[in-house]
Amino acid sequence: MTRDERIAALKATAAKRILIIDGGMGTEIQRRKLEEADYRGARFKDWPRDVKGNNDLLSLTQPVLLREIHDSYLAAGADIIETNTFNAQTISMADYGMAALAAEISFEAARLARAAADAWTAKTPDQVRIVAGALGPTNRTASISPDVNNPGFRNVSFDELRVAYVEQTGALIEGGADVILIETVFDTLNAKAAGVAVLEAFDATGIELP
């Protein structure tokens, strides 16, 4: 089934009934009680910084675990599953020294979710399963100073956010996302940057998604 066919099926189903999206990814990962070595995997065994807590990295180091989580939500009846990309952009990944990996992580996360969704669509062809490429808030805010003594200070600019989101959105599209989900962004200027970036990514890729 092509992406256009999946989107058409999504719209047709939404006209008939309420669609069900999956639940939290982070909480499911926390339940597994992973340790530093689990996050690192073989590829990042000697990484110079701690990476425990970098849930997005698990798309590269623990793909089987992520597939199990996606499958659990799909088995429960979810129509839409989100990619494990809440912090998979250069700004948040910089905390781990992994900004250069952000696009790869987003791509792999979308690819993993796509494989799970397609497998379940094959099992239940009357229920087409959709992948939502998730853009999170980043760990910085464009509207509020992180320094209480300097209210005019900003640790990120609108353009820095926009550029990071453009790269992430492009990788999510390339990885197979059907829709783009801007989620849990508490700063409206960050959300605006994400919205502008998504439109720019649509123009750059020639692919426009819901």
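The preceding data block contains the structure.
Residues numbered from 1 in each chain as written. Predicted model: local features only at pLDDT ≥ 70, side-chain atom pairs only at ≥ 80, totals over all residues. Heavy atoms only, no water.

**Student:** Looking at this structure, how should I read the environment of P137?
**Tutor:** Its place among the elements puts P137 in the loop between β2 (130-135) and α8 (158-175). The spacing of P137 and A110 is 27 residues in sequence and 18 Å in space, taken between C-alpha atoms. If we ignore the near neighbours within four places in the chain, the residues touching P137 are F86, Y165, E183, T184, V185, F186 and N190. (Helix = DSSP H or I, 4+ residues; strand = E, 2+ residues; numbered from the N terminus. Contact = heavy atoms within 4.5 Å.)

**Student:** How should the side chain of S92 be read in this particular structure?
**Tutor:** Secondary-structure assignment places S92 in helix α6 (residues 90-93). Polar contacts involving the side chain of S92 include one to the side chain of Q89, which spans 2.8 Å. Looking at S92, its side chain comes within polar contact range of the main-chain nitrogen of N139, at 3.3 Å. Contact partners of S92, with chain neighbours within four places excluded, come to N87, T138 and N139. (Polar contact = N/O pair within 3.5 Å; in protein donor to acceptor, adjacent residues only side chain to side chain.)

**Student:** It is not clear to me how the layout of surface pockets should be interpreted in this structure. Could you clarify?
**Tutor:** Here the largest pocket defines a volume of roughly 200 Å³. Considering the residues around the largest pocket, the lining is formed by 15 residues, among which M25, G26, T83, F86 and E183 are closest to the centre. Along the lines of polarity and charge, the residues of the lining of the largest pocket split into three nonpolar, eight polar and four charged. (1 Å grid on protein atoms, 1.4 Å probe; cavity = no way out; pocket = protein on both sides within 12 Å on 5 of 7 lines; lining within 4 Å. Points joined across faces, edges and corners; volume = space filled by probe spheres on them. Nonpolar A, V, L, I, M, F, W, Y, C, P; charged D, E, K, R; others polar.)

**Student:** It is not clear to me how the pairing of strand β3 (residues 179-182) should be interpreted in this structure. Could you clarify?
**Tutor:** Every regular strand shows the same layout, with side chains that alternate between the two sheet faces. Looking at chain direction, β2 and β3 are connected through four bridges and run parallel. Within β3, the residue paired with L135 across the bridge is I182. Between the parallel pair β2 and β3, the chain is carried across by α8, and the sense of this crossover is right-handed. (Pairing = 2+ DSSP bridges. Right-handed = clockwise from strand over helix to strand, strands pointing away.)

**Student:** Just checking my understanding: could you explain the pattern of salt bridges for this structure?
**Tutor:** Between side chains of opposite charge, pairing is possible as soon as their charged atoms come close. Per the stated rule, a full pass over the model turns up 14 salt bridges. D79 is the partner of R17 in a salt bridge, and the nearest nitrogen-oxygen pair spans 2.7 Å. Of this pair, R17 sits in the loop between α1 (3-14) and α2 (26-31) while D79 is found in the loop between α5 (63-75) and β1 (80-82), placing the two residues 62 residues apart along the sequence. The exposure class of R17 is partly exposed, given its relative accessible area of 37%. A salt bridge links E28 to R31; its shortest N-O distance comes to 3.1 Å. You can see E28 and its partner R31 sitting in helix α2, three residues apart, about one turn around the helix. (Salt bridge = Lys/Arg side-chain N within 4 Å of Asp/Glu carboxyl O. Buried < 20%, exposed > 50% of the residue type's maximum accessible area, 1.4 Å probe, protein only.)

**Student:** I'm lost on the packing of aromatic side chains in this one. Help?
**Tutor:** The description of an aromatic ring pair uses the distance of the two centres, along with the angle that the planes make with each other. Under the criterion given, the structure shown has one aromatic pair. Look at F44 and W47: their rings are 5.5 Å apart centre to centre, the planes differ by 80°, and that puts the pair in the edge-to-face class. Look at W47 and you get partly exposed, because its relative accessible area is 23%. The positively charged end of K123 is found above the aromatic ring belonging to W120, 4.1 Å away from the centroid. (Phe/Tyr/Trp six-rings, centres within 6.5 Å; stacked < 30°, edge-to-face > 60°. Lys NZ or Arg CZ within 6 Å of the ring centre and 35° of its normal.)

**Student:** So what exactly am I meant to see when it comes to the sheet that holds β1 here?
**Tutor:** Whether parallel or antiparallel, the strands of a sheet pair through hydrogen bonds between backbone atoms. Taken in spatial order, the three strands of this open sheet run β1-β2-β3, and their pairing is parallel. Only two strands of the sheet have a single partner each, and these edge strands are β1 and β3. Each strand axis lies, on average, 35° off the axis of its neighbour in the sheet, ignoring direction. As judged from the three bridges shared by β1 and β2, these two strands associate in the parallel manner. The residue bridging I80 from the neighbouring strand is I130, located in β2. (Axes fitted to C-alpha atoms, helices over the stretch in contact; angles between N-to-C directions.)

**Student:** Any chance you could explain the nonpolar core here in plain terms?
**Tutor:** Taken as a class, soluble globular proteins show a tendency for nonpolar side chains to be buried jointly. Counting 48 residues, the largest nonpolar core has I29, I81, M98 and I180 as the members making the most contacts within it. For this core, the secondary-structure elements that each account for two or more residues are α4 (58-61), α5, α6, α7 (102-123), β2, α8 and α9 (188-205). Among the elements that make up this core, the one with the highest residue count is α7 (eight residues). Sequence-distant contacts of I29, defined by excluding residues within four places in its chain, comprise L34, Y39, N55, L58, L65, L66, I69 and N84. Counting seven residues, the second largest nonpolar core, distinct from the first, contains I80, I130, A132 and V179. (Core = buried A, V, L, I, M, F, W, Y, C linked by side-chain atoms within 4.5 Å.)

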